[in-house]
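# Residue-level structure breakdown
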Amino acid sequence: MHPIRPGDQGPAVAEIRTVLVGLELLPAEGGGDDYDAETERAVRAFQQSRGLSVDGRVGAETWRALDAARWRFGARALFHAVPEPITGEDVRSLQERLLEMGYDVGRADAIYGIRTSRAVAQFQREMGLKPDGSCGPHTVNALRRLGRKVVGGRPQWLRESDAIRQAGPELVGRTVVIDPGHGGTDPGVVVPDGPLCWTEADLVHDLASRLEGRLAAAGVRVQLTRGPSPASCLPDADRAQLANSLGADVFISLHTDHHANPAAEGVATYHYGTDNGVTSATGERLAGLVQREIVARTGLRDCRTHAKAWELLRLTRMPAVRVEVGYLTSPDDRARLVDPRFRDRVAEAVVAAVQRMYLPIERDVPTGSIDVTELRAALAAGTVVD
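Quick summary incoming for the structure in this document. Since we're looking at a predicted model, the values are computed, not measured.

What counts and how
Residues numbered from 1 in each chain as written. Predicted model: local features only at pLDDT ≥ 70, side-chain atom pairs only at ≥ 80, totals over all residues. Heavy atoms only, no water. Helix = DSSP H or I, 4+ residues; strand = E, 2+ residues; numbered from the N terminus. Rg over C-alpha atoms; globule rule 2.2 N^0.38 Å. Buried < 20%, exposed > 50% of the residue type's maximum accessible area, 1.4 Å probe, protein only. Contact = heavy atoms within 4.5 Å. Pairing = 2+ DSSP bridges. Axes fitted to C-alpha atoms, helices over the stretch in contact; angles between N-to-C directions. Phe/Tyr/Trp six-rings, centres within 6.5 Å; stacked < 30°, edge-to-face > 60°. Core = buried A, V, L, I, M, F, W, Y, C linked by side-chain atoms within 4.5 Å. Arc of directions from axis to C-beta. 1 Å grid on protein atoms, 1.4 Å probe; cavity = no way out; pocket = protein on both sides within 12 Å on 5 of 7 lines; lining within 4 Å. Points joined across faces, edges and corners; volume = space filled by probe spheres on them.

This part takes up the overall build of the protein. When helices and strands are counted, the protein shows 14 helices and eight strands. Computed over the C-alpha atoms, the radius of gyration of the protein is 22 Å, within 12% of the 21 Å expected from 2.2 N^0.38 for a compact globule of 386 residues. Its C-alpha atoms give the protein principal-axis dimensions of about 60 × 50 × 35 Å. By the burial criterion, 50% of the 386 residues in the protein qualify as buried. Pairs at least 24 apart in sequence give 66% of the contacts found in the protein among residues at least 6 apart.

Here the focus is the sheet that holds strand E7 (residues 302-308). Pairing in this open sheet of six strands is mixed, and the strands run E4-E1-E5-E8-E6-E7 from one edge to the other. Where the open sheet ends on each side, the last strands, each with one partner, are strand E4 (221-224) and E7. Adjacent strand axes in the sheet meet at a mean angle of 20° when their direction is disregarded. Note: strand E5 (residues 250-257) against strand E8 (residues 320-327), six bridges, orientation parallel. Counterpart to Phe 251 in the pairing with E8 is Ala 320.

Below, the discussion takes up the environment of Ala 45. Looking at the element boundaries, Ala 45 is found in helix H2 (residues 37-49). Judged by relative accessible area, Ala 45 falls into the partly exposed class, the value being 35%. For the pair Ala 45 and Leu 25, spaced 20 residues apart in the sequence, the C-alpha separation amounts to 7.7 Å.

The next point concerns the packing of aromatic side chains. The geometry of an aromatic ring pair is captured by two quantities: the separation of the ring centres and the angle between the planes. All told, the structure shown has two aromatic pairs when counted by the stated rule. Judged by centre distance (5.9 Å) and plane angle (90°), the ring pair of Tyr 103 and Phe 123 falls under edge-to-face. Taken together, the residues Tyr 103 in the loop between helix H4 (89-100) and helix H5 (114-126) and Phe 123 in helix H5 connect sequence positions 20 residues apart. Each member of the pair Tyr 103 and Phe 123 is classed as buried. A ring pair is formed by Tyr 270 and Trp 310, whose centres lie 4.9 Å apart and whose planes are at 50°; its orientation type is tilted. With Tyr 270 in strand E6 (residues 267-272) and Trp 310 in the loop between E7 and helix H11 (311-314), this residue pair connects regions lying 40 residues apart in the sequence. The class of Tyr 270 is buried, set by a relative accessible area of 12%. Taking relative accessible area as the criterion, Trp 310 reaches 7% and is therefore assigned buried.

This part takes up the nonpolar core. Of all hydrophobic cores here, the largest spans 50 residues; its most connected members are Leu 20, Phe 46, Leu 94, Leu 98, Tyr 112, Cys 135 and Leu 143. Of all the secondary-structure elements, those providing two or more residues to this core are helix H1 (11-22), H2, helix H3 (60-68), H4, H5, helix H6 (137-145), E6 and H11. Non-local contacts of Cys 135, meaning those with residues more than four positions away in its chain, are made with Phe 73, Arg 76, Ala 77, Leu 78, Leu 94, Tyr 112, Val 140 and Leu 143.

Below, the discussion takes up the side chain of Asp 179. Tracing the backbone shows Asp 179 in strand E1 (residues 175-180). With residues up to four places along the chain from it excluded, the contact list for Asp 179 reads Thr 225, Arg 239, Phe 251, Ile 252, Ser 253, Leu 254 and Leu 312.

What follows is about H6. Inspection of H6 places Thr 139, Val 140, Ala 142 and Leu 143 among the buried residues, and these make up the whole buried set. Here the buried residues of H6 occupy an arc of 165° about the axis, which is enough to place them on one side. More than 90 degrees from the buried face of H6, the exposed residues found are Pro 137, His 138, Arg 144 and Arg 145. Those residues of H6 hidden inside the fold are in contact with H4 and H5.

Another point: the layout of surface pockets. Here the largest pocket is characterised by a volume of approximately 1400 Å³. Taken together, 39 residues form the lining of the largest pocket, with Ser 53, Glu 61, His 182, Asp 236 and Arg 322 sitting closest to its centre. Elements with a contribution of two residues or more to the lining of the largest pocket: H2, H3, helix H9 (236-245), E5, H11 and E8. Per-element accounting of the lining of the largest pocket gives the leading share, four residues, to H3.

Below you can see the structure in the form of structure tokens.
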């Protein structure tokens, strides 16, 4: 869908306003079907609260989030429906509640799938309710009566950390999906530079290819979500589904950033997380490692790591990060990004970060100290870099 922007009018705007009124982000009276300044502020507040990109426009992802927000927890019965699962803000609230209590629903993706149904059934069994995996009035009341079940640590963090520890430190045989952002009809950021014209889609695909080669040399199975010139741009939800269908161990999405102010510069890395503290623990750790390795090896300004609930991060079932590798609109960052040697250093930084994620905490190494060529040599020798 085309984004709905300030100044637009029509039934779609009226529907957006209705949802925002229900969320108490807009007053009930006035407004009609005009996308005015008040509506834009409400949309920005909604995007901020949901971990979305705060641009004040209602694109496809913001629209789906608004549609899901119609449902409050307890307003309807929830169950595992096939083939079209139930989705909504009430499902996410249920999943986050179960996570706080120590039940394993995976990621709080707002989709009532089989994993959520099994977690509900386990809760029902322990509460003496019929363990049918559906969340009706009795289950809702039981959930509201109880406090947290697990204390002294985040249960999901413990589960994810244990899974990484049991996987061992080797990269050989793992599957990594690399996602060059945009592509096809969506070139991403486009910046004229004298007789040249740099596009985000082309630069990040080249970077993804360099990363693919280095990971493959270390024994990793690598899959890119697109080629250099796809016919169309794959939606983020489809990119996440591709990674899930491949059973990927790690998902890395590559982008460049942009800003109207050419002084804006630096690298930032994003992982899944919500406004109430629910996060992907391994995704958060991987984001920190990627961020530190890139900053140390390239000298880009550190714009830190951030939690977001973008579909690309929310719908993937493995540690997933999105890396904004510099601002293409910054003359300084652009001069670096168009240098192949710089892109090589970024690729090596990401490989080092992936390796460090699999090292036990007690065996972790200083940032910038892993030589990626040693990983290749270790593979050739049949040993693992310690």
